[in-house]
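Residue-level structural notes
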Amino acid sequence: MGKESKSGGCLGWLLAIVILALVVGAIVYAVKQKMDHANDNKPSPVPGPPGAIDKKYADALKIAMQFFDIQKSGKLVNNKISWRGDSGLKDGNEANLDLSKGMYDAGDHMKFGFPMAFTATVLSWAILEYGDQMAAVNQLEPAQQSLKWITDFLINAHPKDNVLYIQVGDPDLDHKCWERPENMKEKRPLTQVNITVPGTEVAAETAAAMASASLVFKTSNSAYSSTLLKHAKQLFNFADKYPASYSENIPEVATYYNSTGYGDELLWAASWLYHATGDRSYLDYATGENGKLFASWGSPTWFSWDNKNAGTQVLLSRLSLFGAKGVSGNSGLGNYRSSAEGVMCGLLPKSPSATSSRTDGGLVWISEWNALQHPVASAFLAALYSDYMLTSQTAKITCGDHSFKPSDLRKFAKSQADYVLGKNPLKMSFLVGYGDKYPQYVHHRGASIPADATTGCTDGFKWLDSTQPNPNVAVGGLVGGPFLNETYIDSRNNSMQAEPTTYNSALIVGLLSSLVTTSSAVKSFT
């Protein structure tokens, strides 16, 4: 009897200990969950100056920046590209203008003003937000020089208040030739918009480029900055006063850069002019009736040379997130911020509203032509919004019943950059010159023809059809990219996938600049 009693007592104590342990465990778990939830709502520390440099992104940025030098027209100064020389020196002569500068659009020798201005706006934005990170890897000055090469052209292309030259060259004639730009002898006709033939989107995008660039040069070259701002104001007034689509008024441009509407460019330009001037009328323009008409509030869109709405939404979120003076209570700004968060929710893979349009490798994929433009542009916006949240101590965004932190946005931005740089099923970099494996047959006239070759307009096509890799490497070019099934055909005749563009370069420079170091605190533009 005594032994049985002792055994029963031990079992009782053991049972009590187990129950107590379970209770304590449950309490600890509950407390931990509560603390984790509290931490989810607790803002991350505000970042300071640029931190440790990430070599991968720094190296990629240095490479990406070089494509701007490859694309330069005009009399080259301190030319760093051995196979490039002076070209387009007589551009603009028929109108007694110097339009020799600017940059060639892609693998051809056209100067299309609409995407070139977008290139300048995005490059300006990247410099304004991440100039300190560019400087940390000695890329700020090259970026400013490349930007000025474009804005010098844009200034000369705007000789009168309501006249803007928007194109140099005849695309049909240009595409019948395969030659180095240094050897061009074909006519280079000019195309303009004016009061009789207005073009709102191209005038407004050029205004945005000049307004944003005026901020870049505000302290380093105040006279130049003032000149840019004067042109920006004039062009915005022209764009707003004579509303009409340039691709409807000049149908031939629609083949290459057809605009789907001009309202987004008006809002984009007004937003940049507000940042550049502090003039409340520009903010009222973007947040009032025009915002209701053109901003697509609540309907996420893709940021690109054709549609600026997502970019405007992120840019204007700066004001509400940082509590800018004189903007409290502006309902339009609230709509821009909530729309920007809608864009972010569409990007985050675990969000209930995440886009399903992705490759198996995780790349956002929207278009088979120039597939990389949209994911790189989206990643740039995500990196910006992440840093806006960190700097303003905004702990999270809400997507349906899920919440996400700035680190989630940054993780997405890195995933797209890493895919571009080689973390993909092909294990190939789409940034020419980066890594051990990248496209060898880039669709680019200058890169495909030996620098010492003497060819005319048509006999140069033998270089297009050559089975040999390009003799010159178009370093820094971001090619069009993969198909949805993550295949890539490395062929010069495959312009859909193998052609790099100057505006792609601005986007990848912006993205890489955001990732060069740990997140940096966002500063005021003014």
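Cut-off values and rules
- All residue numbers refer to positions counted from 1 along the written sequence of the respective chain.
- The model is predicted, so local features are restricted to residues of pLDDT at least 70 and side-chain atom pairs to those at 80 or more, both for listing and for counting; the totals for chains, interfaces and linings are taken over all residues.
- The side-chain values count all of the structure's non-hydrogen atoms but skip hydrogen atoms and water molecules.
- UniProt positions are given in the numbering used here, feature names are shortened, and annotations may be inferred rather than shown by experiment.
- Only DSSP runs of H or I covering at least 4 residues are called helices, and only runs of E covering at least 2 are called strands; the numbering of each starts at the N terminus.
- Any two residues whose heavy atoms approach within 4.5 Å at even a single point are treated as in contact.
- Think of a polar contact as two N or O atoms within 3.5 Å of one another; within protein, one of them needs to be a possible hydrogen donor and the other a possible acceptor, and neighboring residues in sequence only count if both atoms come from side chains.
- Here the expected span of a helix is defined as 1.5 Å times the quantity of residues minus one.
- Exposure classes here rest on a 1.4 Å probe applied to the protein chains alone. A residue is buried below 20% of its type maximum, exposed above 50%, and partly exposed in between.
- Note on terminology: pairs of cysteine sulfur atoms within 2.5 Å are recorded as disulfides.
- We define a salt bridge as a side-chain nitrogen of Lys or Arg found within 4 Å of a carboxyl oxygen belonging to Asp or Glu.

1. Notes on the UniProt feature "active site" (unreviewed entry) in the protein
Mapped onto the present numbering, the UniProt feature "active site" (unreviewed entry) falls at H443. For H443, the position within the fold is in the loop between α17 (406-420) and α18 (445-448). Each residue touching H443, except ones within four places of it in the same chain, is listed here: G107, W178, L464, R492, S495, A498, E499 and P500. From its side chain, H443 meets the backbone oxygen of R492 in a polar contact 2.5 Å long.

2. What about α17?
Since the α-helix turns once every 3.6 residues, residues separated by three or four places project in the same direction. With 15 residues, α17 should cover 21 Å at 1.5 Å per step; its first-to-last C-alpha distance of 22 Å lies within 8% of that length. Regarding α17, the residues found buried are P406, L409, R410, F412, A413, Q416, A417, D418, Y419 and V420. As for α17, its buried residues are in contact with α2 (55-64), α15 (331-347), α16 (373-392), β5 (402-404) and α21 (502-515). Just past α17, the residue G422 takes up positive phi, approximately 130 degrees.

3. Here's the deal with the state of the cysteines
On inspection of all chains with the given rule, the structure shows two disulfides. There is a disulfide in this structure between C177 and C457, and the S-S distance comes to 2.0 Å. Its torsion about the S-S bond being -90 degrees, the disulfide of C177 and C457 is classed as left-handed. Pair noted here: C177 is in the loop between α6 (171-174) and β3 (190-193) and C457 is in the loop between α18 and α19 (461-464), with a separation of 280 residues, a long-range link. By relative accessible area, C457 is classed as partly exposed at 22%. When the cysteines engaged in disulfides are numbered in sequence order, the protein pairs them as 1-4, 2-3.

4. A word on unusual backbone geometry
Positive phi is not limited to glycine here, since N78 has a value of about 50 degrees. Along the polypeptide, N78 turns up in the loop between α3 (66-71) and β1 (111-112). Within the chain, N138 stands out as a residue other than glycine whose phi angle is a positive 60 degrees. By relative accessible area, which is 63% here, N138 ends up exposed.

5. Thoughts on the pattern of salt bridges
If you walk through the whole model with that rule in mind, you get 18 salt bridges. Note that D174 and R445 form a salt bridge whose closest N and O atoms lie 3.9 Å from each other. Of this pair, D174 sits in helix α6 while R445 is found in helix α18, placing the two residues 271 residues apart along the sequence. Each member of the pair D174 and R445 is classed as buried. K308 is paired through a salt bridge with E205; the nearest N and O atoms lie 2.7 Å apart. Highlighted residues: K308 in the loop between α13 (289-294) and α14 (309-321) and E205 in helix α7 (residues 200-216), separated in sequence by 103 residues. Among the residues examined, E205 registers a relative accessible area of 0% and is labelled buried. Connected through shared salt-bridge partners, R84, R180 and E182 make up one network.

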